[in-house]
Each structure stands twice: as structure tokens, then as C-alpha cells.
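Listed below are the residues making up each chain.
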Amino acid sequence: MSLLPHLGHGVGLRTIHYPHVLDRTARADWFEVISENFMIAGGRPLQILEKARELAPVVLHGVSLNIGGTDPLREDYLTELELLIQRFAPAWVSDHLCWGAVGGRFAHDLLPLPYTEETVAHVAARIRQVQDRLGRRILMENVSSYLTYSVSSMPEWVFVSAVAEEADCGILLDVNNIYVNAINHGFSPLEYLSGIPSERVGQIHLAGHSSSGDLLIDTHDHPVPTPVWRLYREAVRRFGRVSTLVEWDDQIPPFEELLAEANRAREIEGEVLNASSISL
């Protein structure tokens, strides 16, 4: 994935930020937008995305590709995504390594997959189909989970790596999701990081989460918590300089506070890389 540009430290663009785009005060390194929000024939969202792209690079992040499902990949969806790519020339395109629909009915959630060789082969074949259709590599994101499958035969990080290798795709590494799953399922987040091939990691996500009894829930409605910042430091040590984005989808703060989170990620990356260069 070395062909991906390093964009710096960006933010997820949400409707509450549109005024900052229009008055040109949304000065992030780059923006990630939810692909499906712009799969429309016209209107204000597309106008806003045009303005955002004038300010900074844009990346498309999908939530309903259903790459792990058993329904056929939707031709209408891929056609609309292809048109969006042609219009806005995103730096890259990503979606989630999960399933979310069956029989044409959507769960409106990002549901985890069983970690088996059969699932690796199934998902990798579908990713290759999408990449062939779009004429580009895509990034697949590890998702948060609150259950495990008894049939799983490998750890999550081995599964994610195997899919990326077999599909020849990239990885969008969500550090918050790694931490959430590590607490929920009792594994080492550092072991997870060490098992991911660095050459496949094209982007990193950071976000906040909530606690619900014994579980952590990936809610994207809090600042990035201290344990996730610590894990991000380890991710920078492991993967080096990778485009990083802060997600915030509920109880969204003022744009300046969101930008401050992105700047904190920039500072941490600089500290880690500078320390590494000094030690060498």
C-alpha cells in the first residue's frame, strides 16, 4: 500500500460541519465522508462535497457494501459508487470487513464474521470482484464486536491479515475497535498490532467509545480515550507514518474540538517518530 499518499491527520466530515466548509474555515488535512450520503443525483450534499474537495483531499468510506454477506454484490450500489469516484476522485475508497444484510434486508449494523478459512476465501473473492469493478485497490476496516463464533479457527488479526493478503487489498486499521474488542474478548491489543502486515495498512481510525456493563461499545460519541491514545502510539511505532482520521458521529462537538483531536494525533505521531529517529 505504499502507493497511497500520506494525507496527514483528518476528520470525518458530518452535516454539522457543513457551515465550516461553506465559509472555508474547515481547515483539516483531509476529510473522510460516508459514501452512501452522497450517492444521490443532486442537491446540497454534493455541492458541499465539491466545496470540501476544494479545501482538502477527500476519502470515501462506505458502510453498506456487505462484503461478508452471502447476497450477490449489488450492481446498483457499485454503479453509484463508481460514479461518485469518477466525479470526486477520492484519494482512496474504504468499507468494513463485516456483513450487514441477508435476503436483501439490512440490519443497519456492521456485524462481525466468523474467523475461518472458508470465510477468508469467500470475502477475499468478493473484495477482488469489487476491486476489478472499480479499477483500484480498496481498504477494508476491522470492526468492533460484542460476540464471537464457536466455529472461528483463528484470531481476528490473523483473519484480517489473511483476507488482505488473499484479496490484495489494503487495511483501514481502526485502533479504537482493536481496543474495544481486546477488552470485550480478552486478547492483547499489542499482539493484534504485531500480527498485522505493515505494508497493508493504508489508514488508521481513532474514535471514542462507551461502557455498557461488561462491554465497551464503539459509539463514536466521546473524545479519544487515554488507552486508545496509548495504543495509537504503539501503532505508529509499528506502522510508521500512516494517514490518520478521528471519527465522531454522535454528540458531535464544535469543529475546533474535533480538529484538536486530529492535531493531538499529529503530535503523538511526531513524538513517536522523532524518538525512533533519535534512538537509531
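Preceding block: the structure.
Worth saying up front: this structure is predicted, and the values here are computed from it rather than measured.

**As for the packing of helix H2 (residues 44-55) against helix H3 (residues 75-88)**
Then comes step 1: Interaxial distance between H2 and H3 falls to 11 Å at its minimum, and their mutual angle equals 40°. It follows that H2 is oblique to H3 by the angle criterion. Seen from H2, the contacting residues are Leu46, Leu49, Glu50 and Arg53; seen from H3, they are Leu84, Arg87 and Phe88.

**So, the packing of aromatic side chains**
Then comes step 1: All told, the structure shown has six aromatic pairs when counted by the stated rule.
Then comes step 2: Ring centres of Tyr115 and Phe159 lie 5.0 Å apart, and the angle between their planes is 40°; on these two criteria the pair is classed as tilted. Of this pair, Tyr115 sits in the loop between strand S6 (105-111) and helix H4 (117-134) while Phe159 sits in helix H5 (residues 156-167), and the two are 44 residues apart along the sequence.
Then comes step 3: Among the residues examined, Phe159 registers a relative accessible area of 1% and is labelled buried.
Then comes step 4: Each residue in the set Trp157, Phe187 and Tyr192 is aromatic and connected to the rest through ring pairs, giving one cluster.

**Details of the sheet that holds strand S7 (residues 139-141)**
Then comes step 1: Strand order in the closed barrel formed by eight strands is S1-S2-S3-S4-S7-S8-S9-S12, with parallel pairing between adjacent strands. With strand direction ignored, the average angle separating the axes of adjacent strands in the sheet is 30°.
Then comes step 2: In this sheet, strand S12 (residues 244-246) lies alongside strand S1 (residues 9-12) in parallel orientation, the contact comprising three bridges. Counterpart to Gly10 in the pairing with S12 is Leu245.
Then comes step 3: Each of S1, strand S8 (170-174), strand S9 (201-206) and S12 is contacted by helix H8 (residues 226-239), which is oriented at about 170° to S9, the strand it contacts most.

**Regarding the environment of Tyr149**
Then comes step 1: As for its placement among the helices and strands, Tyr149 is situated in the loop between S7 and H5.
Then comes step 2: It is 31 Å that separates the C-alpha atoms of Tyr149 and Glu32, two residues lying 117 residues apart in sequence.
Then comes step 3: Those residues in contact with Tyr149 that sit more than four places away from it in its chain are Trp99, Pro112, Leu113 and Pro114.

**Thoughts on the pattern of salt bridges**
Then comes step 1: One pass over the full model with this rule turns up 12 salt bridges.
Then comes step 2: One salt bridge in this structure joins Arg233 and Glu271, with 2.8 Å as the shortest N-O distance. Of the two residues, Arg233 is situated in helix H8 and Glu271 in helix H9 (residues 255-279); the sequence distance between them amounts to 38 residues.
Then comes step 3: Overall, Arg233 belongs to the partly exposed group, its relative accessible area being 27%.
Then comes step 4: Residue Arg241 pairs with Glu269 through a salt bridge whose shortest N-O separation is 3.2 Å. Placement of Arg241 in the loop between H8 and S12 and of Glu269 in helix H9 is noted, with a sequence separation of 28 residues between them.
Then comes step 5: Here Arg241 falls in the exposed class, since its relative accessible area comes to 52%.
Then comes step 6: Overall, Glu269 belongs to the buried group, its relative accessible area being 3%.
Then comes step 7: Counted as one network, the salt bridges with shared partners bring together Arg137, Glu165, Asp168 and Arg200.

**Some details on unusual backbone geometry**
Then comes step 1: If you check the backbone angles, Ala89 has positive phi at about 45° while not being a glycine.
Then comes step 2: Looking at the secondary structure, you find Ala89 in the loop between H3 and strand S4 (93-96).
Then comes step 3: For Ala89, a relative accessible area of 44% gives the class partly exposed.
Then comes step 4: With a phi close to 50°, Gln251 is a non-glycine residue in the positive phi region.
Then comes step 5: Assignment of secondary structure puts Gln251 in the loop between S12 and H9.

**Some points on the packing of H3 against H4**
Then comes step 1: Relative to each other, H3 and H4 sit at 45°, their axes nearing to 10 Å. The orientation of H3 with respect to H4, classified from their angle, is oblique. For the element pair H3 and H4, the recorded crossing hand is right-handed. On the side of H3, the interface is formed by Glu75, Leu78, Thr79, Leu81, Glu82 and Ile85, while H4 contributes Val130, Arg133 and Leu134.

**As for helix H6 (residues 175-185)**
Then comes step 1: When you tally the buried positions in H6, you get nine out of 11 residues, the bulk of the element.
Then comes step 2: Of all the residues in H6, the buried ones are Val175, Asn176, Asn177, Ile178, Tyr179, Val180, Asn181, Ala182 and Asn184.
Then comes step 3: N-capping of H6 is provided by Asp174, with a side-chain oxygen placed 3.0 Å from the backbone N of Asn176.
Then comes step 4: Among the residues trailing H6, Gly186 stands out with phi positive, at a value near 75°.

What counts and what doesn't
Residues numbered from 1 in each chain as written. Predicted model: local features only at pLDDT ≥ 70, side-chain atom pairs only at ≥ 80, totals over all residues. Heavy atoms only, no water. Axes fitted to C-alpha atoms, helices over the stretch in contact; angles between N-to-C directions. Helix = DSSP H or I, 4+ residues; strand = E, 2+ residues; numbered from the N terminus. Parallel < 35°, antiparallel > 145°, perpendicular 65-115°, else oblique. Contact = heavy atoms within 4.5 Å. Phe/Tyr/Trp six-rings, centres within 6.5 Å; stacked < 30°, edge-to-face > 60°. Buried < 20%, exposed > 50% of the residue type's maximum accessible area, 1.4 Å probe, protein only. Pairing = 2+ DSSP bridges. Salt bridge = Lys/Arg side-chain N within 4 Å of Asp/Glu carboxyl O. Left-handed = near helix turned anticlockwise from the far one by under 90°. Polar contact = N/O pair within 3.5 Å; in protein donor to acceptor, adjacent residues only side chain to side chain.

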